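Breakdown of the fold
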Amino acid sequence: MTDQKSYTQTPWSLADLFEGFDDPKYQATFDEIEQGVQKFEAFREQLAPDLSEDLFISIVSTYEGLVRRLSRLGGFAELVFASNTQSQEAQSAVARVDQFQAEMSNKTMFFNLWWKALDENNAKRLLDAAGDFRYWLVTLRNFKDYTLSEPEEKIINIKDVTGVSALNMLYDSITNRYTFKIEIDGEEKELTRGELMALVREPDPDLRAKAYQTLFSVYEADAPILGQIYQAIVRDWRNENLNLRGFKTPISVRNLVNDIPDAVIETLLDVTKQNAKHFHRFFDLKAKRIGMDKLRRYDVYAPVEKSDKRYEFSDAAEIVLESFHEFDPKFADLAKEILDKNHVDSEVRKGKMGGAFCATITPDLTPWVLLNYQGRPDDVATMAHELGHGIHSLMAREHSALTQHACLPLAETASTFGEMMLVDKLLAEETNDAVRRDLLFRQMDDSFATILRQNYFSLFEQTAHEMVIQGAQVNDLAEAYYENLKSEFGDSVIIPDEFRWEWIMIPHIYNVPFYVYAYAFGQLLVLSLYKQFKEEGNAFKPRYMDILAAGGSIAPIDLLGKAGIDITSAAFWQGGYDVIGDMVTTLENLD
Ligand SMILES: [Zn+2]
């Protein structure tokens, strides 16, 4: 690339949103939303089956305008909070926007209910005129048969605040307070979960075991409480979704949110069980590499090399942009837009949120990216991942605020693809064998964590949701989880008994039931897309670009179908696992 500038680590600029909480525009936005909601409520009397197309579009546009303004407010509060989680001002701003949002949702609900109940002919007539709003409107009607009356829906909304949401907050409050005391090199340390879990990637086998044992001892002490919270959440899910709304199975609720047919997820999970063997081969291989007869569950993320390679931030940015550029200059330009607008907060600061994310606020604003960049190869991969999300969002910026975001199973497409482009580039340029081996093994570590592990969580969730209803105790669930682990790892890994408590430390199965398969879905999809790219080269690109540019404006099954991908066929998922099998073979053949 020619005009490569050197990027440094600075806090991001949020000036495209607001100058601060005292910015007059910030308060004015609340006022605009309130006026907008009033305008929207006035439409209520005009709703009738023969509503004109023009009026319909103007109602939906008004709604979209409200969503945009709310996203600006909520986005600003959340980004300030992420950059300083100790800021009380930001904390209360987030709470204020949440409350405001719940009120708006109840005031505008009438439209949603009217739309779902509208007869087929008129719905079709209006959908045909809806333009870019079309798919969003279709997804609302997907819930037609599972929707209750307005007063019932409002009661559920209000009761959730002090019911299931409060249970989840309680779970978060209890578990976020945990600290973990561990002795490292003769010195007693008190670590956060994130810091503790970094130790399972250390070369010292005793330290890895001690890290997990420390983790489990803390959670297990609260198992009766955390397990009880889980049981209550599961019962609430059943009461609302199956008993009141009439869904057939607990997982089908999430499938409908994702707009993926139940049968597709059944196939995905079935094919997964048949392909656990590739990961078992990988674990056998890793055991050999690190000189063990058999891996213990403690050793699954053990490094095979002591690689301490570090990348300067500016070099990392350059490598990531180059890898994108090699795929397509447009990708590099979009990623550069995010960096050039100073929308990346990459430095490590006290009080800043851990981890990484990319936040799309509205289609007309360049997304923001949060990183905690420390120069490890993982950090470079994370940069490629989050900028990949940013590219996806920018590719889809012509859509409305209701249709820009890809649905969950497709949301990780560009990010994962971006990481793969980067790893390919690093491998192509790396001459040190140890660093190459490290990169390739880490790739498989990630595939295990994203694919096999998440799919087995999904299988456990299905079992647990049935067991709880039949009166299972917390210990019974732990036993079922242990059985689940045995089928996940087969004979390839020794599973210490304390791993039976792993499920009570997975926030997703509490906060967003049946969410986790989306990770595996996305990663397998990208593996097979990437394989197509390798085979077809440039001919592949337009198909891929179309998928990204569609954002959330087309049903996933149709969008992928247009790209020649049939997610209903077992063969498609098998293709993703074949790539994994090949990766393991490559590793077996390394010297
Ligand atoms: Zn991601």
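Fair warning: this is a prediction, and the values are worked out from it, not measured in the lab.

**Some words on the packing of helix H10 (residues 223–244) against helix H18 (residues 433–469)**
To characterise two packed helices, one gives the angle between the axes of the helices and the distance between these axes. Two elements in contact, H10 and H18, have axes separated by 9 Å at closest approach and are oriented at 90°. By the criterion of interaxial angle, the relationship of H10 to H18 is roughly perpendicular. Between H10 and H18, the contacting residues are Gln231, Val234, Arg235 and Arg238 on the first element and Ala464, His465, Val468 and Ile469 on the second. When its residues are assigned to classes, the contact of H10 with H18 shows four nonpolar, two polar and two charged.

**Side note on the packing of helix H1 (residues 24–42) against helix H3 (residues 88–117)**
As a packed pair, H1 and H3 sit with axes 9 Å apart at the nearest point and diverge in direction by 15°. As far as their axial angle goes, H3 and H1 are roughly parallel. Every pair of crossing elements has a handedness; the one defined by H1 and H3 is left-handed. Across the interface between the two elements, Ile33, Val37, Phe40 and Glu41 from H1 touch Met104, Lys107 and Thr108 from H3.

**Some remarks on the environment of Tyr146**
If you trace the backbone, Tyr146 turns up in the loop between helix H5 (134–141) and helix H6 (150–162). Residue classification places Tyr146 among the partly exposed positions, given that 16 C-beta atoms sit within 10 Å. Along the chain, Tyr146 and Leu55 lie 91 residues apart, while their C-alpha atoms are 27 Å from each other. Look past the residues within four positions of Tyr146 in its chain and what remains in contact with it is Arg245, Gly246 and Phe247.

**Some words on helix H9 (residues 205–221)**
Between its first and last C-alpha atoms H9 spans 25 Å; for 17 residues at 1.5 Å apiece the expected length is 24 Å, and the two agree. Buried within H9 we find Arg208, Ala211, Tyr212, Leu215 and Phe216. Around the axis of H9, the buried residues are gathered within 120° of arc, so they sit on the same side. Of the residues in H9, the exposed ones pointing more than 90 degrees away from the buried face are Asp206 and Ala221.

**Points about the sheet that holds strand S6 (residues 368–370)**
In any sheet, the strands associate via hydrogen bonds between backbone groups, in a parallel or an antiparallel arrangement. What the three strands build is an open sheet, ordered S4-S6-S5; its pairing is mixed. Of all strands in the sheet, those with a lone pairing partner are strand S4 (344–345) and strand S5 (357–359), marking the two edges. The pairing of S5 with S6 spans three bridges and is antiparallel. Following the sheet pairing, Cys358 is matched in S6 by Val369. Taken strand by strand, helix H15 (residues 377–395) contacts S5 and S6, and its axis lies near 20° from that of S5.

**Re the pairing of strand S1 (residues 180–184)**
Pairing of S1 with strand S2 (residues 187–191) involves five bridges; the strand directions are antiparallel. Its bridge partner lying in S2, Phe180 is registered against Leu191. Taking the residues that link successive antiparallel strands as the turn, the S1-S2 hairpin has two residues, and the phi of Asp185 there is positive, at about 50°.

**A short note on the environment of Thr179**
Checked against the element boundaries, Thr179 lands in the loop between helix H7 (164–176) and S1. The exposure class of Thr179 is exposed, given the 12 C-beta atoms found within 10 Å. Along the sequence, Thr179 and Leu196 sit 17 residues apart, while their C-alpha atoms lie 9.1 Å from each other.

Conventions used here
Residues numbered from 1 in each chain as written. Predicted model: local features only at pLDDT ≥ 70, side-chain atom pairs only at ≥ 80, totals over all residues. Axes fitted to C-alpha atoms, helices over the stretch in contact; angles between N-to-C directions. Helix = DSSP H or I, 4+ residues; strand = E, 2+ residues; numbered from the N terminus. Parallel < 35°, antiparallel > 145°, perpendicular 65-115°, else oblique. Contact = placed C-beta atoms within 7 Å. Nonpolar A, V, L, I, M, F, W, Y, C, P; charged D, E, K, R; others polar. Left-handed = near helix turned anticlockwise from the far one by under 90°. Buried ≥ 20, exposed ≤ 12 C-beta atoms within 10 Å, placed from the backbone. Expected span 1.5 Å × (residues − 1). Arc of directions from axis to C-beta. Pairing = 2+ DSSP bridges.

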